[in-house]
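These are the residues of each chain, in order.
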Amino acid sequence: MFNFSPRRSTAIVNVMIAIVITLTVNFSYLIAMIVDERESNEQQQLREQVERRKPECSGILHISRDGYGYLISQSSFSPEYPDSVRTDSMYVRPQTIRFYNLQQRDTLHCTLNPPHHGSNPSISEVLMQNGIEISAPVIYDRPKRSHEMAVQLLYYFGLSFLLLTIMTIRFDVHNFSFRRYMLRCTAVVVATLLLYFVAPFTDWRTGKLMIILQHPPRMLLDWMVVLKCTVVLVVAVLYGRIYGQLLEQQKILLENEHLRTENLQTRYNMLLGQISPHFFFNSLNSLSMLVREKNEDKALAYIDQLSYTFRYIIQNGQNTTTSLEEEMEFARAYGELFKVRYADKLFFDIDIDPKYNSWSLPALTLQPLIGNAVKHNTITRKQPLHVSIRTEGATLVVTNRKAPKLEPEPSTGIGLKNLRSRWQLITGCDIEIINSDTEFTVRLPLQRPTLS
């Protein structure tokens, strides 16, 4: 798996968006290039055929003061009457005169455009000037379309990526404000204005690939380039705003998740704090009873088991979960504390499938269940108490028979409440409590171990 940092991810997104913007602003250019490549050969052949069909004539050029001219051509009506001369005049546009650098009374041989609506025919192309064959000057010696396209795409990709980077680089959502956003917008506007003057374009007069700065001062405004740069600028400004809002939303989600985690941990610590004092005071009462009976052996054994159980609580109290194997070791030690008090009257029937030893459950789950079973039931030689702890599939089942004491001990019910609350907080699941007339059963769904 690739592990991208936030900055690298932002740069990759900026590159992708810059590519989309570049293709969008040059879409018409791409289409024109494809169409032009397909039709160029056919159009060239058609132009050559049209030029070959045009009539030709010769004459002397007369240029008026207004800049336009007429080509005066004289020809005989027929070979039989050589003195019968017909004079024709062909219109010469000022652009043609400047184009070929024609002078007054030049002798020209030209091709003609047919007349329109009764007007005089006009000169199309000058073939000879004063008896010298000339070729038309190259007016549109443009570079290859592929070269033009490469320069256009490269420029607008660079412009798009630069503006997007300005709008997103080092974007600290903690310090985000409308003022900072406007400063970024100002920066991209200035960058666009500066880079406009180095934008490439093809001069329609000469066919050369140029930049805006090579234009004469009065022609620095190219509307097509202005339109493309404006589109790039607007997209970058809008994307910067959307990017900021997405980061703000992500920040809110992270803060909410952090607060939720802190809340769960706080609630868990509060519940755990309610368990430990309850267990501590009950343990001291049992120990004081053994001391009063002067049963030193049982007292020492009790202290050893008590030491182990408290060590387990201290070590696992801050851990939300533990394995079933560790919890069962604690349950056996905890049960021995009660066996010291209820010799031959309290029994633990344990049947755990070894394949579930690695499955997890909240720590200190069995402590309140064993404690409540001992606390609320009569335990005598005639009525011994059996606590069953077993697995049924992926469920841990704790069962004891019900034999309520004649004088029930006061109970707040906090043990089961804490157990259910902790289970829901940690696992997201609920436990099943079955309280019948003869048995009290709690079913605890175990959690499958996570693969590391």
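In this text the structure is predicted, and so the values were computed from the model without any measurement. (Residues numbered from 1 in each chain as written. Predicted model: local features only at pLDDT ≥ 70, side-chain atom pairs only at ≥ 80, totals over all residues. Heavy atoms only, no water.)

### Regarding the overall build of the protein
(1) Moving on: Secondary structure assignment for the protein yields ten helices and 15 strands.
(2) Moving on: Buried residues in the protein amount to 35% of all 452 residues.
(3) Moving on: A separation threshold of at least 6 residues defines the contact pool for the protein, and within that pool the share at least 24 residues apart is 67%.
(4) Moving on: Counting only carbon and sulfur atoms, one obtains 58% of the accessible surface of the protein, whose full area is about 28300 Å². (Helix = DSSP H or I, 4+ residues; strand = E, 2+ residues; numbered from the N terminus. Buried < 20%, exposed > 50% of the residue type's maximum accessible area, 1.4 Å probe, protein only. Contact = heavy atoms within 4.5 Å. Areas by Shrake-Rupley, 256 points an atom, 1.4 Å probe, with all protein chains shown as cover.)

### Points about the pattern of salt bridges
(1) Moving on: Within this structure, the stated rule accounts for five salt bridges.
(2) Moving on: Asp-430 is the partner of Arg-420 in a salt bridge, and the nearest nitrogen-oxygen pair spans 3.1 Å. Here Asp-430 lies in the loop between helix H10 (414-427) and strand S14 (432-435) and Arg-420 lies in helix H10, a separation of ten residues in the sequence.
(3) Moving on: Look at Asp-430 and you get partly exposed, because its relative accessible area is 39%. (Salt bridge = Lys/Arg side-chain N within 4 Å of Asp/Glu carboxyl O.)

### Remarks on the nonpolar core
One broad rule of soluble globular proteins: the nonpolar side chains tend to lie buried together.
(1) Moving on: By size, the foremost hydrophobic cluster in this structure holds 41 residues, and its most contacted members are Leu-366, Ile-389 and Leu-396.
(2) Moving on: The dominant element in this core, judged by the number of residues it contributes, is helix H8 (residues 324-341), at eight residues.
(3) Moving on: In this structure, Leu-396 is in contact with Leu-324, Ile-352, Leu-361, Leu-366, Ile-389, Arg-390, Thr-391, Val-442, Arg-443, Leu-444 and Leu-446, ignoring residues within four places of it in sequence.
(4) Moving on: With 27 residues, the next largest nonpolar core counts Ala-18, Cys-185, Val-237 and Tyr-239 among its residues. (Core = buried A, V, L, I, M, F, W, Y, C linked by side-chain atoms within 4.5 Å.)

### Comments concerning unusual backbone geometry
(1) Moving on: The phi angle at Asn-101 is positive, at roughly 55°, despite the residue not being glycine.
(2) Moving on: By the secondary structure assignment, Asn-101 is in the loop between helix H3 (94-100) and strand S4 (107-113).
(3) Moving on: The class for Asn-101 is exposed, based on a relative accessible area of 53%.
(4) Moving on: In this structure, Arg-105 is a non-glycine residue whose phi angle is positive, near 65°.

### Side note on H8
Note: α-helices contain 3.6 residues per turn, so residues at a spacing of three or four share the same orientation.
(1) Moving on: With 18 residues, H8 should cover 26 Å at 1.5 Å per step; its first-to-last C-alpha distance of 26 Å lies within 8% of that length.
(2) Moving on: When we look at burial in H8, the residues that qualify are Leu-324, Glu-327, Met-328, Phe-330, Ala-331, Ala-333, Tyr-334, Gly-335, Leu-337, Phe-338 and Val-340. (Expected span 1.5 Å × (residues − 1).)

### Some points on helix H5 (residues 178-196)
(1) Moving on: With 19 residues, H5 extends 27 Å from end C-alpha to end C-alpha; this agrees with the ideal 27 Å at 1.5 Å per step.
(2) Moving on: Listing the buried residues of H5 in full gives Tyr-181, Arg-184, Cys-185, Val-188, Ala-191, Thr-192 and Tyr-196. Looking straight down H5, one finds that the buried residues subtend no more than 130° of arc, so they occupy a single side. Opposite the packed face of H5, turned more than 90 degrees from it, sit the exposed residues Arg-179, Leu-183, Leu-193 and Leu-194. (Arc of directions from axis to C-beta.)

### Points about the sheet that holds strand S12 (residues 385-392)
(1) Moving on: Across the sheet, which stays open at both edges, the five strands sit in the order S10-S12-S13-S15-S14 with mixed pairing between neighbours. Edge positions in the sheet fall to strand S10 (346-351) and S14, since each has one partner strand and no second. Averaged over all adjacent pairs, the angle separating strand axes in this sheet is 10°, with direction ignored.
(2) Moving on: Here S14 runs beside strand S15 (residues 439-445); their pairing, made up of four bridges, is antiparallel. For Ile-434, the partnering residue across the bridge sits in S15 and is Thr-441.
(3) Moving on: H8 rests against S10, S12 and strand S13 (395-401) of the sheet, and its axis sits at about 165° to S10. (Pairing = 2+ DSSP bridges. Axes fitted to C-alpha atoms, helices over the stretch in contact; angles between N-to-C directions.)

### Describing the packing of aromatic side chains
(1) Moving on: Applying the stated criterion across every chain, the model contains nine aromatic pairs.
(2) Moving on: Ring plane angle 85° and centroid distance 6.1 Å describe the contact between Tyr-68 and Tyr-70, whose orientation is recorded as edge-to-face.
(3) Moving on: Residue classification places Tyr-68 among the partly exposed positions, given a relative accessible area of 29%.
(4) Moving on: An angle of 75° between the planes, with centres 5.4 Å apart, marks the rings of Tyr-196 and Phe-197 as edge-to-face.
(5) Moving on: Taken together through their ring pairs, the aromatic side chains of Tyr-68, Tyr-70 and Tyr-91 make up a single cluster.
(6) Moving on: The ring of Tyr-181 carries the charged tip of Arg-241 above its face, separated from the ring centre by 5.5 Å. (Phe/Tyr/Trp six-rings, centres within 6.5 Å; stacked < 30°, edge-to-face > 60°. Lys NZ or Arg CZ within 6 Å of the ring centre and 35° of its normal.)

### A word on a nonpolar patch on the surface
(1) Moving on: On the surface, a cluster of nonpolar side chains totalling about 320 Å² of accessible area is made up of Met-224, Leu-227, Val-231 and Val-235.
(2) Moving on: Examined against the element boundaries, Leu-227 turns out to sit in helix H6 (residues 223-292). (Patch = residues over 30% accessible without salt bridge, like charges linked within 9 Å, V, L, I, M, F, W, Y side chains within 5 Å.)

### Here we look at the packing of H8 against helix H9 (residues 366-376)
(1) Moving on: Relative orientation of the contacting elements H8 and H9 amounts to 25°, with a least axis distance of 10 Å. Considering the angle they form, H8 stands roughly parallel to H9. Considering how the two elements wind past one another, H8 and H9 form a crossing that is right-handed. When H8 is examined against H9, the residues Glu-327, Met-328, Phe-330, Ala-331, Tyr-334 and Phe-338 are found in contact with a partner set consisting of Leu-366, Gln-367, Ile-370, Gly-371 and Val-374.
(2) Moving on: When its residues are assigned to classes, the contact of H8 with H9 shows eight nonpolar, two polar and one charged. (Parallel < 35°, antiparallel > 145°, perpendicular 65-115°, else oblique. Left-handed = near helix turned anticlockwise from the far one by under 90°. Nonpolar A, V, L, I, M, F, W, Y, C, P; charged D, E, K, R; others polar.)

### Digging into the state of the cysteines
(1) Moving on: Applying the stated criterion to the full structure yields zero disulfides.
(2) Moving on: Cysteine Cys-110 shares no disulfide, and the gap to the nearest cysteine sulfur, in Cys-57, comes to 5.8 Å. (Disulfide = S-S within 2.5 Å.)

### Observations regarding the environment of Thr-96
(1) Moving on: With respect to the helices and strands, Thr-96 occurs in helix H3.
(2) Moving on: Considering only alpha carbons, one finds Thr-96 and Tyr-68, 28 residues apart in sequence, at a separation of 8.9 Å.

### Side note on the side chain of Ser-388
(1) Moving on: Structurally, Ser-388 is set in strand S12.
(2) Moving on: Judged by its relative accessible area of 17%, Ser-388 is buried.
(3) Moving on: A distance of 3.0 Å separates polar atoms of two side chains, one belonging to Ser-388 and the other to Arg-390.
(4) Moving on: Apart from the residues lying within four places of it in its own chain, the contact partners of Ser-388 are Asp-349, Val-397, Val-398 and Thr-399. (Polar contact = N/O pair within 3.5 Å; in protein donor to acceptor, adjacent residues only side chain to side chain.)

### Some details on the pairing of S4
(1) Moving on: Two elements, strand S1 (residues 56-63) and S4, share five bridges in a ladder whose sense is antiparallel. Paired with Gly-59 across the bridge in S4 is Leu-108.
(2) Moving on: Alignment of S4 against strand S5 (residues 122-129), held across six bridges, turns out to be antiparallel. By the bridge assignment for S5, Leu-112 is matched with Ile-123.

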